[in-house]
Amino acid sequence: MITLDGVMQAPGGPKEDRSKGFKYGGWTSSYGDETYDKAVQTELKQPADYLLGRKTFEIWENYWPEHADFWPGINEGTKYILSRTRKKTNWKNSVFLKSLADIKKLRNSKGHDIQVWGSSELVHLLLKNDLVDELRLKIHPLTLGKGKKLFDNDAYPAAFKLTESTVTKNGVILANYERTGKVKTGNVGA
């Protein structure tokens, strides 16, 4: 979930992530509709494991164990958490990773797809190290100016192809992209 200017911070609620004085928590709330809700539910029902940054994990570990009726697989899927400070939790199926090397080993293992939700610093690390195979974006028709962004200036140059898209009646662009390889350049008009 991102804005037109790439902000991804605190889409779900006003108290979700107030870091650095962010005051627009819950900015997605007025954009839900039948098409949007169906797309989100389809993603939530896919068998998956999850790679999360510590901050996102700490928000989730206090909420999702008691709200699994909305997201049936979140408690059963394995949650991999990249953290230098955390080593344990009571939330079942949670595994703490210490380094980028651990993520690379996880990526090369067999099992469910691994999804990243939120976790802006983790996403930047993955993009910088060419570890993103797919992007599922929900681009909301608003700008917030400030907040944690999806992309920074360190993303590894990569080409993607659009594999699925739709626009909701409230103007949210739902776009899925798959990694296709290297960026190709050429001479215009040569």
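This one's a predicted model, so the numbers in the text were calculated from it and none came from an experiment.

> So what's going on with the sheet that holds strand S6 (residues 134-140)? Residues and values would help.
Read across the sheet, four strands follow the order S1-S6-S8-S7 without closing on themselves; strand pairing throughout is mixed. With one partner strand each, in any of the chains shown, strand S1 (2-3) and strand S7 (159-167) form the two edges of the open sheet. The pairing of S1 with S6 spans two bridges and is parallel. In the sheet register, Thr3 faces S6, and the bridge partner there is His140.

> Let's hear about the pattern of salt bridges: which residues, and what values?
A side chain with one charge may pair with a side chain of the opposite charge, provided their charged atoms come close. Scanning the model with the defined rule gives ten salt bridges in all. The shortest N-O distance in the salt bridge between Arg107 and Asp133 comes to 2.4 Å. In this pair, Arg107 sits in helix H3 (residues 100-107) while Asp133 sits in the loop between helix H4 (120-128) and S6, placing the two residues 26 residues apart along the sequence. One salt bridge in this structure joins Arg136 and Glu134, with 3.2 Å as the shortest N-O distance. On the basis of relative accessible area, Arg136 is assigned to the partly exposed category, the value being 26%. By relative accessible area, which is 33% here, Glu134 ends up partly exposed. Salt bridges linked by common partners bring Arg54, Glu58, Glu61 and Arg86 together as one network.

> So what's going on with the packing of aromatic side chains? Residues and values would help.
The tally for this structure, following the rule as stated, stands at ten aromatic pairs. Between Trp64 and Phe70, the ring centres sit 6.2 Å apart and the planes meet at 20°, which makes this aromatic pair stacked. Exposure remark for Phe70: the relative accessible area of 44% places this residue in the partly exposed category. For the ring pair Trp64 and Trp71, a centre distance of 5.1 Å and an interplane angle of 85° mean the geometry is edge-to-face. Of the residues examined, Trp71 reaches a relative accessible area of 2% and is grouped as buried. Here the aromatic residues Tyr50, Trp60, Tyr63, Trp64, Phe70, Trp71 and Trp117 are joined through ring pairs into a cluster of three or more.

> Give me the sheet that holds strand S3 (residues 79-82): which residues, what numbers.
The four strands are arranged S4-S3-S2-S5 in an open sheet whose pairing can be described as parallel. Here the strands that pair on one side only, and so sit at the sheet edges, are strand S4 (94-97) and strand S5 (113-115). Looking at each pair of strands side by side, their axes are set apart by 25° on average, direction ignored. Sheet analysis places strand S2 (residues 48-53) next to S5, joined by three bridges and oriented parallel. Note that in S5 the partner of Tyr50 across the bridge is Gln115. Along the sheet, H4 contacts S2 and S3; its crossing angle with S2, the most-contacted strand, is approximately 105°.

> Describe H4, with residues and values.
Here H4 has its buried residues at Ser120, Leu122, Val123, His124, Leu126 and Leu127. The elements touched by buried residues of H4 are S2, S3 and H3.

> Requested: an account of unusual backbone geometry, with residues and values cited.
Even without being glycine, Lys20 reaches a positive phi, approximately 55°. With respect to the element layout, Lys20 can be found in the loop between S1 and helix H1 (34-45). A positive phi angle, close to 55°, is found at Asp130, a residue other than glycine. When you line up the elements, Asp130 lands in the loop between H4 and S6.

> Before we move on, can you summarise the nonpolar core with the specific residues and values?
Core analysis: the largest hydrophobic core is formed by 24 residues, its most contacted members being Tyr50, Trp60, Trp71 and Ile74. Going through the elements one at a time, H1, S2 and helix H2 (54-60) are the ones with two or more residues in this core. With residues near it in sequence (within four places) discarded, Trp60 still touches Leu52, Pro65, Trp71, Ile74, Trp91 and Trp117. Judged by nonpolar contacts, the second largest core, of 18 residues, contains Val123, Leu126, Leu137 and Ile139.

What counts and how
Residues numbered from 1 in each chain as written. Predicted model: local features only at pLDDT ≥ 70, side-chain atom pairs only at ≥ 80, totals over all residues. Heavy atoms only, no water. Pairing = 2+ DSSP bridges. Helix = DSSP H or I, 4+ residues; strand = E, 2+ residues; numbered from the N terminus. Salt bridge = Lys/Arg side-chain N within 4 Å of Asp/Glu carboxyl O. Buried < 20%, exposed > 50% of the residue type's maximum accessible area, 1.4 Å probe, protein only. Phe/Tyr/Trp six-rings, centres within 6.5 Å; stacked < 30°, edge-to-face > 60°. Axes fitted to C-alpha atoms, helices over the stretch in contact; angles between N-to-C directions. Contact = heavy atoms within 4.5 Å. Core = buried A, V, L, I, M, F, W, Y, C linked by side-chain atoms within 4.5 Å.

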